[in-house]
Amino acid sequence: MNDEGAPAAGEPAVRHVRRRTDADLGACVQVLAEVHAQDGYPVNWPEHPCGWLSGPALLAAWVAELDGRIVGHVALSRSAADDAAPALWSSRGGAGRAAAAVVGRLFVAPAARGHGIGALLMARATREARERDLHPVLDVVASDASAVALYERLGWELLATVEQRWSPERTVTVHCYAAAG
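Residues numbered from 1 in each chain as written. Predicted model: local features only at pLDDT ≥ 70, side-chain atom pairs only at ≥ 80, totals over all residues. Heavy atoms only, no water.

Undergrad: Lay out unusual backbone geometry in plain terms, naming residues and giving numbers.
TA: The step from Tyr41 to Pro42 runs through a cis peptide bond, and the omega angle for that step is -5°. Inspection of the secondary structure puts Pro42 in the loop between α1 (25–39) and α2 (49–54). Positive phi is not limited to glycine here, since Asp67 has a value of about 55°. Residue classification places Asp67 among the partly exposed positions, given a relative accessible area of 21%. (Helix = DSSP H or I, 4+ residues; strand = E, 2+ residues; numbered from the N terminus. Buried < 20%, exposed > 50% of the residue type's maximum accessible area, 1.4 Å probe, protein only.)

Undergrad: Give a detailed account of the confidence of the model for the chain, specifying residues and quantitative values.
TA: The predicted model of the chain averages 90 in pLDDT, with 93% of residues at 70 or higher. Residue range residues 1–7 is modelled with pLDDT below 50. Its contacts to residues more than four positions away, or to other chains, number nine contacts. (pLDDT = per-residue confidence, 0-100. Contact = heavy atoms within 4.5 Å.)

Undergrad: Describe the packing of aromatic side chains, with residues and values.
TA: Taken as a whole and judged by the stated rule, the model has three aromatic pairs. Ring centres 6.3 Å apart and planes at 45° place the aromatic pair Tyr151 and Trp156 in the tilted group. Under the relative-accessibility criterion, Trp156 is labelled buried at 8%. A connected cluster of aromatic rings, assembled from ring pairs, spans Tyr151, Trp156 and Tyr177. Note that Arg105 overlies the ring of Trp52, its terminal NZ or CZ placed 3.8 Å from the centroid. (Phe/Tyr/Trp six-rings, centres within 6.5 Å; stacked < 30°, edge-to-face > 60°. Lys NZ or Arg CZ within 6 Å of the ring centre and 35° of its normal.)

Undergrad: Just give me the short version of the sheet that holds strand β6 (residues 157–167), but keep the residues and values in it.
TA: Picture the strands of a sheet paired through backbone hydrogen bonds; they go either parallel or antiparallel. Sheet architecture is open: seven strands sit in the order β1-β2-β3-β4-β5-β7-β6, paired in mixed fashion. Looking along the sheet, the strands with just one partner apiece sit at the ends: β1 (15–19) and β6. Within the sheet, the average angular offset between the axes of one strand and its neighbour, ignoring direction, is 25°. Pairing of strand β5 (residues 135–141) with strand β7 (residues 170–178) involves five bridges; the strand directions are antiparallel. Within β7, the position partnered with Val141 by the bridge is Val174. Strand contacts of α1: β2 (58–66), β3 (69–78) and β4 (100–108), with the helix running at about 75° to β4, the strand carrying the most contacts. Taken strand by strand, helix α4 (residues 117–131) contacts β1, β2, β3, β4 and β5, and its axis lies near 160° from that of β4. (Pairing = 2+ DSSP bridges. Axes fitted to C-alpha atoms, helices over the stretch in contact; angles between N-to-C directions.)

Here is the structure:
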């Protein structure tokens with residue numbers, strides 16, 4: 001380690017995923033702002049970012065740290081009425097929407113990409129869903145090619161591509177996925 005606590009040249013970065021606390025929200029919003037500026041996620045910047053990350057349907061959320069700094073986030077939530085993936089998954093398998101859990105609010109700081117952070121966060125949220133006897137599903141904006149590539153690399157199944165109305169003037173194309181198994 002160097003004097004700033006970062007790995008010295010040639011040392012591997014230290015990755016860690018842990019449950020998010022309220023004290024983490026400021027750092028999460030800062031990372032989210034970086035992601036929004038570079039990638040346009042979320043498509044519509046929330047009026048209250050902390051509330052957007054926490055939502056009333058939230059079951060659990062985690063942060064990823066790289067060398068002790070928060071660099072990523074993921075959440076697991078109950079299905080909401082406007083979530084397309086739970087309905088699609090439910091109609092295929094015969095289970096009710098309540099048997100699905102929505103993986104969302106996934107983002108990784110641009111400077112921290114390439115360290116497997118997204119895959120670690122997805123694994124943690126998927127494991128939690130399964131521990132709760134829920135099936136993990138998600139919606140992703142079709143134009144987010146890097147997220148789509150991650151989900152497909154992790155073996156998630158594309159259920160359908162649908163149009164969602166996000167405001168009176170905006171319709172967005174989203175891919176709906178379910179975890180394998």
